[in-house]
Every structure is written in C-alpha cells, then in structure tokens.
Amino acid sequence: MDEKIETVRHYAAKVLSHTGSHGLDHVLRVVHLCGVIGKEENADMRILIPAALLHDIARPIEERKDLPHEEVGARVAECFLRSIRYDEKLIPQITHAIRAHRFRSTGKPETPEARILSDADKLDAMGAVGIARTFIRAGEHHGEIRDATDHMHDKLLNLKAQMYTKTAKSMAEERHRYLAEFLEILTEETTLPDDSL
C-alpha cells in the first residue's frame, strides 16, 4: 500500500476510534466498497481511497457542534493532506468527493470518484448492515423500533434510485430487496391489533 495512503488510514483510525453508526467500521466498509466499485468504474484510487477514508472525519465535530460534517470534513481533509504533502493536484478532487458524498449534500458529485464515494456510502446504509446501523442510530438518539423503521421508510428505501454508477446500481438491487423484505416482516410483527390494550 502507498505510504501516503497508509498515513491517511492511520489518521482516520485515530480520529474515528469511536463506535456507533458512523464509526471506523463504517468507514472501512465504505473504503472496501469504493475499491470494488472503483475497479469496475476505472476510478483514480489516489483520489477515491483518501476521500473514502476521510469522508466522515468530521462526524465527531458534527455531533459536538451541530455543523455539517461533509463541509467541515472537506476543510479538515484539505489541511491534513497538505500537512503530509499529498499530491496537490489531487486534493481539490478529494475534498469535492467528501463535500458531495452525503445523502443530504447540497452539492452533487461531479467526478467519477465523487459519484463512487456517494454510492458506496449509500450502499452501506442498505441491506443487512444498513438495518443494523439504523438500529444503532436509533439507540444513539434514544429512539425505539418505530424511529428506526421511520428512518428506513424516509431514507433507506429511496437510496436504490439515487445510485450513480452502473456497478453500484447492480449491488443496490439485492440490498434493497433484503431491506424491503425485512421491513415487511418487521411491520407484521410489530403491528398490534386495535384492542391489544
């Protein structure tokens, strides 16, 4: 592995040592998905992998200060990458991918690498792992089953239609199907008759 990428990986691991729905395990899965999709889509891994490693770098700041992690994260990433003398020509593309990765990002991903990162991040919110992360998220916000299912209906079921790359669209099909089936079964099991109280 490239020495600079390894430095970025160590930095991300240090900053994102917390657990939860957006911890290091999420970031590493997104990195893996970016590798798979990026290979199929001929991405520049010198842009894509650092962007994936750093895409949630400002989550702890967002949690403390209620600032958009994608905007703050792009600035943090830029400073860090300059501090390790990462290729200056690549930094704007890395920070663009970080700014545009979020489901609610105001800016749209305009490069192949930004689109792949956005897709990979969304894929990790689908399927079995997406279900698990949603319940962790509900717990983090002191919620219950209904809060998790509302999030799945409001956001996760819409992700399949928002994939950019051909590879991610194909991967999303199975994850979406599993999510929809799970929600159907969970709804059956949690729906009580009107006279149950």
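Refer to the structure presented above.
Summarised in this report is the structure supplied together with it. Just so you know, these numbers come straight off a predicted model, no measurement behind them.

How each quantity is defined
- Residues numbered from 1 in each chain as written.
- Predicted model: local features only at pLDDT ≥ 70, side-chain atom pairs only at ≥ 80, totals over all residues.
- Heavy atoms only, no water.
- 1 Å grid on protein atoms, 1.4 Å probe; cavity = no way out; pocket = protein on both sides within 12 Å on 5 of 7 lines; lining within 4 Å.
- Points joined across faces, edges and corners; volume = space filled by probe spheres on them.
- Helix = DSSP H or I, 4+ residues; strand = E, 2+ residues; numbered from the N terminus.
- Nonpolar A, V, L, I, M, F, W, Y, C, P; charged D, E, K, R; others polar.
- Phe/Tyr/Trp six-rings, centres within 6.5 Å; stacked < 30°, edge-to-face > 60°.
- Buried < 20%, exposed > 50% of the residue type's maximum accessible area, 1.4 Å probe, protein only.
- Contact = heavy atoms within 4.5 Å.
- Axes fitted to C-alpha atoms, helices over the stretch in contact; angles between N-to-C directions.
- Parallel < 35°, antiparallel > 145°, perpendicular 65-115°, else oblique.
- Left-handed = near helix turned anticlockwise from the far one by under 90°.

Approximately 610 Å³ is the volume attributed to the largest pocket. Considering the residues around the largest pocket, the lining is formed by 28 residues, among which His 22, Arg 59, Arg 137, His 151 and Lys 155 are closest to the centre. Only α4 (59-65), α7 (112-123) and α8 (127-140) provide two or more residues apiece to the lining of the largest pocket. The element contributing the most residues to the lining of the largest pocket is α8, with five residues. Among the residues forming the lining of the largest pocket, the class breakdown is four nonpolar, twelve polar and twelve charged. If you add up the space inside the second largest pocket, you get close to 200 Å³.

What follows concerns the packing of aromatic side chains. Using the criterion set out here, one finds two aromatic pairs in the structure. Ring plane angle 10° and centroid distance 3.9 Å describe the contact between Tyr 11 and Phe 80, whose orientation is recorded as stacked. Within this pair, whereas Tyr 11 is found in helix α1 (residues 3-15), its partner Phe 80 is found in helix α5 (residues 69-83), the two being separated by 69 residues in sequence. Residue classification places Phe 80 among the buried residues on the basis of a relative accessible area of 12%. Here the aromatic rings of Phe 135 and Phe 182 are separated by 6.3 Å at their centres, their planes lie at 75°, and the arrangement is edge-to-face. Taken together, the positions of Phe 135 in helix α8 and Phe 182 in helix α10 (residues 166-190) put the pair 47 residues apart, joining distant regions of the chain. Judged by its relative accessible area of 29%, Phe 135 falls in the partly exposed class. Relative accessible area serves as the criterion here: at 25%, Phe 182 is assigned to the partly exposed category.

Our next topic: the environment of Leu 159. The residue Leu 159 is located in the loop between α9 (145-154) and α10 in this model. Here Leu 159 falls in the buried class, since its relative accessible area comes to 0%. For the pair Leu 159 and Asp 121, spaced 38 residues apart in sequence, the C-alpha to C-alpha distance is 10 Å. Apart from residues no more than four positions distant in its own chain, Leu 159 is found in contact with Phe 103, Lys 122, Ala 125 and Met 126.

This paragraph deals with the packing of helix α2 (residues 24-40) against helix α3 (residues 45-54). As a packed pair, α2 and α3 sit with axes 8 Å apart at the nearest point and diverge in direction by 160°. Relative to α3, the element α2 is oriented roughly antiparallel. Crossing hand, α2 versus α3: right-handed. Where α2 abuts α3, its residues Val 27, Leu 28, Val 30, Val 31, Cys 34, Gly 35, Gly 38 and Lys 39 lie against Met 45, Leu 48, Ile 49, Ala 52 and Leu 53. Of the residues that constitute the contact of α2 with α3, the class distribution is ten nonpolar, two polar and one charged.

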